[in-house]
Structures are given as structure tokens and as C-alpha cells.
Amino acid sequence: LLYLELSRASAWFLSCLCSSLAIGTTTGYRLFSLSSVEQLDQVHESNEIPDVYIVERLFSSSLVVVVSHAKPQQMNVYHFKKGTEICNYSYSSKILSIRLNRQRLVVCLEESIYIHNIKDMKLLKTIMDTPPNTTGLCALSINHANSYLAYPGSATSGEIALYDGNTLKTACTIPAHDGPLAALAFNSTGSKLASASEKGTVIRVFSIPGGQKLYEFRRGMKRYVNISSLVFSMDSQFLCASSNTETVHIFKLEHLTDSRPEEPPTWSGYMGKMFQAATNYLPAQVSGMMNQDRAFATVRLNISGQRNICALSTIQKLPRLLVTTSDGHLYIYNLDPQDGGECVLIKKHSLLGSGKMEENTENDLRPPLPQSYAATVARQSTVPSTSTMPGYSEDGGALRGEVIPEHEFATGPVCLDDENEFPPVSIRDP
């Protein structure tokens, strides 16, 4: 789940897996389901707890974790469909972020991290004396089999501490950037980790758990930015980054191989090889900059200076980019997976109203999509479907034909309609 705290003490979350969205507001929180491009349905609304700044939902289940400004040191876990509280925990300082998957629930404070077993909410591990982390930056793999946790290993450099949430042991440290970290994100399988520093110019992707650098992308060179959102597509083919600027960048994770047939000798080809060879004699910083990949696709937002979050999802069998902005809107764009380029805005939803769709008047003026994109859509998806099984809704049944990867189901999946699923929890101060 992706997190955005708004200036009016609200929090917004966007799930790229289930196309669900949770909003924390000054009056409580709301849960939405995006079943199609046109349809944004409100699943639940609660006004019992005011000034909610963190609300995390466990995928499409009925478990939701809430933290409010009224009690910033307390975490409340609810079964929102039944309207019952499962448990609550109090901590020594303000809760800055919460991450969860089907095995673990992680609570991040400024100088400590708490890891709970999500089946019974038992506290399993406390990581004390972590480097000062004023933003609560951390990432947890949604794959329960690879429950890796990443957080800053230093307050002055871009070192990443990687922790195994299953074995409860430190996995490794990754020297990712020169400056302090600003963003972290795992891919869906927990095999890759993306990072960005406070400068926001370079984004790197590392293998997990080894920590080897796999990709390096350059977002820009002209100015430093604050990366507010970093997210992989579910198939790990794309990586999206948004910031406080008006541009959203989408990078394609692919390596050019040397297995292509030899091209006939040309002047341009000769010069290209000479240029490539010359980079071997340049300083590492210069040659590295030349070899960094640029954005595969982009979006130009109509706003600048506002924080936003993004997600890459497949809706109605087509790849979409979802962007939520701090002015209370959800924008949906088409992404051309073959040719990239400028993403096309197709819908705009208001999140502060009733969830009704706002018509995009630009659609009438937009030229038709290129034929290459239609050809791409018509082709068989490259994402294997053999590793999926029917998703489950709050009722535990199939959810309108949606599928959720098998790795999202822990052994004995969480059944939140079972009265005995969560035994009584003794409340204590960790």
C-alpha cells in the first residue's frame, strides 16, 4: 500500500493489487473499490475516530488498521464489516507508518520498529535504536514467503537495512545512495527493491536478498525533487515514480542484450560503438550517468508542488496508471506497454464527494490511441496466469472474477469472518 499524508491532517492510500483505496480524513476514514475505470464504489465509511492520518487495509479483506492524531501513539485494529475492534496497542512515541502483509504487521516509530504476527497480533520482535527516521520510511514485501522489511540504515547516507520478517534476522545492508533515503518499494514477489534519495535524481533497483544493483534510472538532472511515491507494477516490468513536480515517470525494467543480429556497418553505428567504448575511459560518475536509462513513459499533471501517490494496475485487462493528488482527486491514465510515451488521461474521480465519477472533458479533444497500442492490447498477456487463484472478498468468496497471486495467500489464509480467527489479545505497552 502507498501512503500520502495531506496538509489537512488526512491520509490517503492506494492499493495497486486490489484496486482499492483508503482515505483518512478529519472526520474518520473511507474505503473504496475501483471495480472499473468508470466505477468507484465506497465500501465502508467510519466517523468513530476523528483525524485519521494512517489507515491500512489488508488487501481486500475486512481487516483495517487505524491511527489518529487524537491518539498518535495507539494503533487500533478493526474488523470493519462487523464493526468490532480486534485489538489495540500503545507505543512509546508517535506512530509514523504501518505496513502489513498476510504474515506480519510492522509499526514504525522514529527510532524503533515493532513486528507483530498478524494471525494473533503477538509482538514478535522489536528493533531498537534504529537511525532517526522522522518520516517513518520503511517498506514491507507483500509476499508473505519473502517478508522482507527495508528501512534506512543511516540518517546521513543512503544505506538500506534489510531485515527478514520471517526469520527475524538481519539479511544485509545495501549502500544504495550517497545522500539520505527518501523512498523505498518492493516488487510483488519481494525479489527486487527500488530506492531513491532525498535528491530524487537517480532511482536504483536491487536484487533481494543479495542486494546487487540491477537497474539505475535517471529521473532528471535539472533540479532536486522530493520523491513521494515509488511503486512497481504487479509483473515487475515497470517502475513508477512521482514527486512534488508535475511529472510522473514510468521506467521499464529490461536489459538490452547482445544477442541481436549484427547490423550492417554504418557511420552512425560506428560512432555509437566509439561512444560506448569511450565511456570506459571516463570517470565512473560521468560514464555511469551516460549509461542510466531514462523514463519509458511520463505523465504531465496539471498541478505542481502538491504531494501525490501513484500505482500501476491492470483494470479491465488493460494497464493503467492511477494517481491520487492532495486536492482530493484520483486520475486514471492509459499506459502503452509497448511504445510508452505520454500516458493518456481517461477518467477523473473526486475522492471527497460521494465517489461519483467526474467526466473528463479533454476526452473529446484527444486523438485516438495509436494502432500499436491496440495491437499490444490484443496480444496475449505476458503475465502467467497459472500462478493465480480466485481472489476473496470480505465474505471469503470469489470477487467478481478477480484473481490474486498465490503468494498472497499464506498457509491457512486469513478468514476475517471467523469468530475464532483472532483470539482475545491482552493489550499492553510494547
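Residues numbered from 1 in each chain as written. Predicted model: local features only at pLDDT ≥ 70, side-chain atom pairs only at ≥ 80, totals over all residues. Heavy atoms only, no water.

### Section: the overall build of the chain
Line of reasoning, step 1. On a plain count of helices and strands, the chain comes out with three helices and 33 strands.
Line of reasoning, step 2. Out of the 430 residues belonging to the chain, those deemed buried represent 53%.
Line of reasoning, step 3. Within the chain, contacts between residues at least 6 apart in sequence are counted, and of these 46% link residues at least 24 apart.
Line of reasoning, step 4. As displayed, the chain has an accessible area near 20,000 Å², and 51% of this comes from carbon and sulfur atoms. (Helix = DSSP H or I, 4+ residues; strand = E, 2+ residues; numbered from the N terminus. Buried < 20%, exposed > 50% of the residue type's maximum accessible area, 1.4 Å probe, protein only. Contact = heavy atoms within 4.5 Å. Areas by Shrake-Rupley, 256 points an atom, 1.4 Å probe, with all protein chains shown as cover.)

### Details of the side chain of H349
Line of reasoning, step 1. You can see H349 is positioned in strand 30 (residues 344–350).
Line of reasoning, step 2. Engagement of the side chain of H349 in a polar contact is seen with the backbone oxygen of V37, the distance being 2.8 Å. (Polar contact = N/O pair within 3.5 Å; in protein donor to acceptor, adjacent residues only side chain to side chain.)

### Observations regarding the pairing of strand 19 (residues 192–197)
Line of reasoning, step 1. The element strand 19 is largely enclosed, with a buried count of six among its six residues.
Line of reasoning, step 2. Neither face of strand 19 is open: one carries K192, A194 and A196, the other L193, S195 and S197, and all of them are buried.
Line of reasoning, step 3. Taken together, the five bridges between strand 18 (residues 181–186) and strand 19 define a ladder with antiparallel strand orientation. By the bridge assignment for strand 19, L184 is matched with S195.
Line of reasoning, step 4. Alignment of strand 19 against strand 20 (residues 202–207), held across five bridges, turns out to be antiparallel. The partner of L193 across the bridge, within strand 20, is F206.
Line of reasoning, step 5. Hairpin connection of strand 19 to strand 20: four residues between the antiparallel strands, including G200 at a positive phi of 75 degrees. (Pairing = 2+ DSSP bridges.)

### Some remarks on unusual backbone geometry
Line of reasoning, step 1. Each neighbour pair has its own omega, and for I208 with P209 the value is 10 degrees, a cis peptide bond.
Line of reasoning, step 2. Tracing the chain through its elements places P209 in the loop between strand 20 and strand 21 (213–218).
Line of reasoning, step 3. Despite not being glycine, F59 shows a phi value in the positive range, around 50 degrees.
Line of reasoning, step 4. Looking at the secondary structure, you find F59 in the loop between strand 6 (52–57) and strand 7 (63–68).
Line of reasoning, step 5. Despite not being glycine, M121 shows a phi value in the positive range, around 65 degrees.
Line of reasoning, step 6. Here M121 falls in the buried class, since its relative accessible area comes to 0%.

### A look at the sheet that holds strand 9 (residues 84–90)
Line of reasoning, step 1. Taken in spatial order, the four strands line up as 6-7-8-9 in an open sheet, and their pairing is antiparallel. The open sheet has two free edges, formed respectively by strand 6 and strand 9, since each of these has just one partner strand. Taken over all neighbouring pairs, the strand axes of this sheet differ in orientation by 20 degrees on average, direction set aside.
Line of reasoning, step 2. Two strands pair when backbone bridges link them, and strand 8 (residues 71–79) and strand 9 are joined in this way by six bridges, in the antiparallel orientation. Counterpart to H79 in the pairing with strand 9 is T84. (Axes fitted to C-alpha atoms, helices over the stretch in contact; angles between N-to-C directions.)

### Digging into the confidence of the model for the chain
Line of reasoning, step 1. Mean pLDDT over the chain stands at 76; residues scoring 70 or higher make up 67%.
Line of reasoning, step 2. Counted against residues more than four places away or in other chains, residues 256–264, with its pLDDT under 50, gives one contact.
Line of reasoning, step 3. Contacts for the low-pLDDT stretch residues 284–291, under 50 throughout, to residues beyond four places or in other chains number nine contacts. (pLDDT = per-residue confidence, 0-100.)

### Topic: the nonpolar core
Line of reasoning, step 1. By size, the foremost hydrophobic cluster in this structure holds 23 residues, and its most contacted members are M75, I95, I98 and V107.
Line of reasoning, step 2. Mapped onto this core, the elements with two or more residues apiece are strand 6, strand 7, strand 8, strand 9, strand 10 (97–100) and strand 11 (104–108).
Line of reasoning, step 3. Apart from residues no more than four positions distant in its own chain, I98 is found in contact with I54, E56, V65, V67, M75, L105, V106 and V107.
Line of reasoning, step 4. In this structure, A297, L321, C343 and L345 belong to the second largest nonpolar core, which totals 19 residues. (Core = buried A, V, L, I, M, F, W, Y, C linked by side-chain atoms within 4.5 Å.)

### Thoughts on the sheet that holds strand 17 (residues 169–177)
Line of reasoning, step 1. Pairing is antiparallel in the open sheet, where four strands are placed in the order 14-15-16-17. Looking along the sheet, the strands with just one partner apiece sit at the ends: strand 14 (139–140) and strand 17.
Line of reasoning, step 2. Bridge count between strand 15 (residues 148–152) and strand 16 (residues 158–164): five bridges; the pairing is antiparallel. Across the sheet, the residue bridging to P152 is I160, located in strand 16.

### Section: the pattern of salt bridges
Line of reasoning, step 1. Enumeration over the complete set of coordinates arrives at five salt bridges.
Line of reasoning, step 2. For R204, the salt bridge identified is with E216, shortest N-O distance 2.5 Å. On the criterion of sequence distance, the pair formed by R204 in strand 20 and E216 in strand 21 is long-range, its members being 12 residues apart.
Line of reasoning, step 3. Judged by its relative accessible area of 18%, R204 is buried.
Line of reasoning, step 4. Taking relative accessible area as the criterion, E216 reaches 14% and is therefore assigned buried. (Salt bridge = Lys/Arg side-chain N within 4 Å of Asp/Glu carboxyl O.)

### Looking at the side chain of N88
Line of reasoning, step 1. You can see N88 is positioned in strand 9.
Line of reasoning, step 2. Given a relative accessible area of 15%, N88 falls into the buried group.
Line of reasoning, step 3. Among the polar contacts listed, one links the side chain of N88 to the side chain of E85, at a separation of 3.0 Å.

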